[in-house]
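# Close look at the chain arrangement
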Amino acid sequence: MAGNNYDEGYEAYGERQGEPGQPEGSDAVQAGENKPRILLMGLKKSGKSSIQKVVFHKMSPNETLFLESTSKLVKSDISNNSFVQFHIWDFPGQLNVFDSTFDAESIFGGCGALIFVIDAQDAFDEALESLKVTLKNASKINRHINFEVFVHKADGLSDDNKLQAMNRIRNKALDDSKALEADGIRISFHTTSIYDHSIFEAFSKVIQKLVPQLPTLENLLDNLVSSCRIEKAFLIDVVSKIYIATDSAPVDMQTYELCSDMIDIVIDVSCIYGMKDGDQGLAYDVNSHSVIRLKNDTVLYLHEVNKYLALVAVIRGRNFSKHGLIEYNVGCFRNAIGQIFNIASKE
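Predicted model, so just to flag it, every value in this text is computed and none were measured.

## A few points about the sheet that holds strand β3 (residues 86-90)
Adjacent strands of a sheet pair through backbone hydrogen bonds, lying either parallel or antiparallel. If you walk across this open sheet you meet the six strands as β2-β3-β1-β4-β5-β6, and the pairing is mixed. Sheet topology places β2 (74-78) and β6 (186-191) at the edges, where each strand pairs with a single neighbour. With strand direction ignored, the average angle separating the axes of adjacent strands in the sheet is 20°. Sheet analysis places β2 next to β3, joined by five bridges and oriented antiparallel. Residue Ser76 lies in a different strand from β3, and its bridge partner there is Ile88. Sheet contacts for helix α1 (residues 48-56): β1 (37-42), β2, β3, β4 (111-119) and β5 (146-152); angle to β3, the most-contacted strand, approximately 150°. Together, β4, β5 and β6 form the strand contacts of helix α4 (residues 159-179), whose direction differs from that of β6 by roughly 170°.

## Thoughts on helix α5 (residues 198-208)
When you tally the buried positions in α5, you get 10 out of 11 residues, the bulk of the element. Taken as a whole, α5 has its buried residues at Ser198, Ile199, Phe200, Glu201, Ala202, Phe203, Ser204, Val206, Ile207 and Gln208.

## Here's the deal with the confidence of the model for the protein
Per-residue pLDDT for the protein averages 83, and the proportion of residues at 70 or more is 84%. Below pLDDT 50 for its whole length, residues 1-10 participates in 21 contacts with residues either more than four positions away or in separate chains. Note that residues 13-32 has pLDDT below 50 and, in this model, 51 contacts with residues that lie over four places away or in other chains.

## So, the environment of Asn296
Secondary-structure assignment places Asn296 in the loop between β9 (289-293) and β10 (298-304). Under the relative-accessibility criterion, Asn296 is labelled exposed at 56%. In this structure the C-alpha to C-alpha distance between Asn296 and Arg316, which are 20 residues apart in sequence, comes to 9.0 Å. Among the polar contacts listed, one links the side chain of Asn296 to the backbone nitrogen of Thr298, at a separation of 3.1 Å.

## Quick word on the packing of aromatic side chains
In this description, a pair of aromatic rings is defined by centroid distance and the angle of the planes. Counted under the stated rule, the structure contains nine aromatic pairs. With centroids separated by 6.0 Å and ring planes inclined at 80°, the aromatic side chains of Phe150 and Phe203 adopt a geometry described as edge-to-face. One end of the pair, Phe150, is in strand β5; the other, Phe203, is in helix α5, with 53 residues separating them in the sequence. In this structure Phe203 comes out as buried when scored by relative accessible area, which is 0%. Ring geometry for Phe234 and Tyr243: centres 5.2 Å apart, planes at 70°, overall edge-to-face. Seen from the ring of Trp89, Arg37 lies directly overhead, with NZ or CZ sitting 4.2 Å from the centre. Seen from the ring of Phe234, Lys232 lies directly overhead, with NZ or CZ sitting 5.6 Å from the centre.

## Focus: the packing of α1 against α5
For the pair α1 and α5, the least separation of the axes is 11 Å and the interaxial angle reads 90°. Classified by the angle between their axes, α1 and α5 sit roughly perpendicular to one another. Where α1 abuts α5, its residues Ile51, Val54, Val55 and Phe56 lie against Ile199, Phe200 and Phe203. Among the residues forming the contact of α1 with α5, the class breakdown is seven nonpolar, no polar and no charged.

## Considerations on the pairing of β4
Among the nine residues that make up β4, nine are buried, leaving the element largely enclosed by the rest of the structure. Where β1 and β4 come together, six bridges link them in parallel fashion. Across the sheet, the residue bridging to Leu40 is Ile115, located in β4. Strand direction decides the pairing type here: β4 and β5, joined by seven bridges, are parallel.

## Points about a nonpolar patch on the surface
Side chains of Ile265, Val269, Ile272 and Tyr273 sit close together on the surface and give an oily, nonpolar patch of about 470 Å² of accessible area. When you line up the elements, Tyr273 lands in helix α7 (residues 253-273). On the accessibility criterion, Tyr273 (71% relative accessible area) is exposed.

## A closer look at the state of the cysteines
Should the sulfur atoms of two cysteines be covalently bonded, the bond is a disulfide. Using the criterion set out here, one finds zero disulfides in the structure. Not part of a disulfide, Cys228 finds its nearest cysteine sulfur in Cys332, a span of 9.4 Å. For Cys228, a relative accessible area of 0% corresponds to the buried category.

## Some details on the nonpolar core
Grouped together as the largest cluster of nonpolar side chains are 67 residues, with contacts concentrated most on Ile38, Phe150, Phe203, Ile207 and Phe333. When neighbours within four sequence positions are excluded, Phe150 is seen to be in contact with Ile51, Ile115, Phe116, Val117, Ile118, His190, Thr192, Ile199, Ala202, Phe203 and Val206. Residues Phe91, Phe108, Phe116 and Phe124 belong to the second largest nonpolar core, which totals 31 residues.

## Some remarks on the environment of Leu311
Turning to its location among the elements, Leu311 is positioned in strand β11 (residues 309-316). For Leu311 and Phe234, which are 77 residues apart along the polypeptide, the C-alpha to C-alpha distance reads 5.9 Å. Ignoring any residue separated from it by four or fewer positions in sequence, one finds Leu311 in contact with Leu221, Leu224, Ala233, Phe234, Leu235, Tyr301, Leu302, His303, Val305, Val330 and Phe333.

Rules of the game
- Residues numbered from 1 in each chain as written.
- Predicted model: local features only at pLDDT ≥ 70, side-chain atom pairs only at ≥ 80, totals over all residues.
- Heavy atoms only, no water.
- Pairing = 2+ DSSP bridges.
- Helix = DSSP H or I, 4+ residues; strand = E, 2+ residues; numbered from the N terminus.
- Axes fitted to C-alpha atoms, helices over the stretch in contact; angles between N-to-C directions.
- Contact = heavy atoms within 4.5 Å.
- Buried < 20%, exposed > 50% of the residue type's maximum accessible area, 1.4 Å probe, protein only.
- pLDDT = per-residue confidence, 0-100.
- Polar contact = N/O pair within 3.5 Å; in protein donor to acceptor, adjacent residues only side chain to side chain.
- Phe/Tyr/Trp six-rings, centres within 6.5 Å; stacked < 30°, edge-to-face > 60°.
- Lys NZ or Arg CZ within 6 Å of the ring centre and 35° of its normal.
- Parallel < 35°, antiparallel > 145°, perpendicular 65-115°, else oblique.
- Nonpolar A, V, L, I, M, F, W, Y, C, P; charged D, E, K, R; others polar.
- Patch = residues over 30% accessible without salt bridge, like charges linked within 9 Å, V, L, I, M, F, W, Y side chains within 5 Å.
- Areas by Shrake-Rupley, 256 points an atom, 1.4 Å probe, with all protein chains shown as cover.
- Salt bridge = Lys/Arg side-chain N within 4 Å of Asp/Glu carboxyl O.
- Disulfide = S-S within 2.5 Å.
- Core = buried A, V, L, I, M, F, W, Y, C linked by side-chain atoms within 4.5 Å.

Laid out in structure tokens, this is it:
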């Protein structure tokens, strides 16, 4: 075995994991019209459109100050990733989608996740009442919706006020869901802001619930981390910076920010030195690979996985000495991801 040729503590990753089989999960990720739908809802000026523009359209947070309030339903098709391709429907805050003039069945019937945005800097009694109505009516139509509550614009609050706002919103929403006597309603809560990476982390957790291949991806990452003595590894969409999967170790916000920023550095440098005049598209391809050693002897490692995804890992400097083995194991990881992609594309 290849692993026998290396020091204790390192293993040949490709020989630890079997052939990736059909992943468990729903049929949420399919091509064409079967793409899962994410609904963005909430009161007027709660920040829904700003979230979408920052996360998926690379708008600067400061530029969102000049966005006009959404006056009609805006549908967007997000297709920058091989595993998650979905539609986002951004509803204006003044729109009552449960009015008889709307076909609520068609709106919520194919919905994978419903994100309800609450402005944490505003009085949110009205927002909580609107959330209650949404929970009641949407859950009757589709029991499988993942309800995601974004306690948004948290950057303007102190830590104590953030915690207070989150606790009040969470307790009220959970009490309302119990009062509905509707078993199985799944509600998650996230503190978010477009001025830091919290909005990207929250959206990552939303998207992961729509990835039927997630258990397989997490298992592959756990094996890779164990084999190469990696501290933390992310599988990140290079366009949106959303991480599709990570290993089982807890996610530290600072680590995620470092890995996300590394993608920007690699692409920016590639744009300057790796593209010829007239080249179009993203400066990211099969040759994209980078190693950055920080002053604290931590190594940031990036490797292209496919044209959509990058593996970004944090490794202690002393564990990076066997970088040849790491390259071999990452190659096996990339091959396994390719097989999973081929399975998903045939479904």
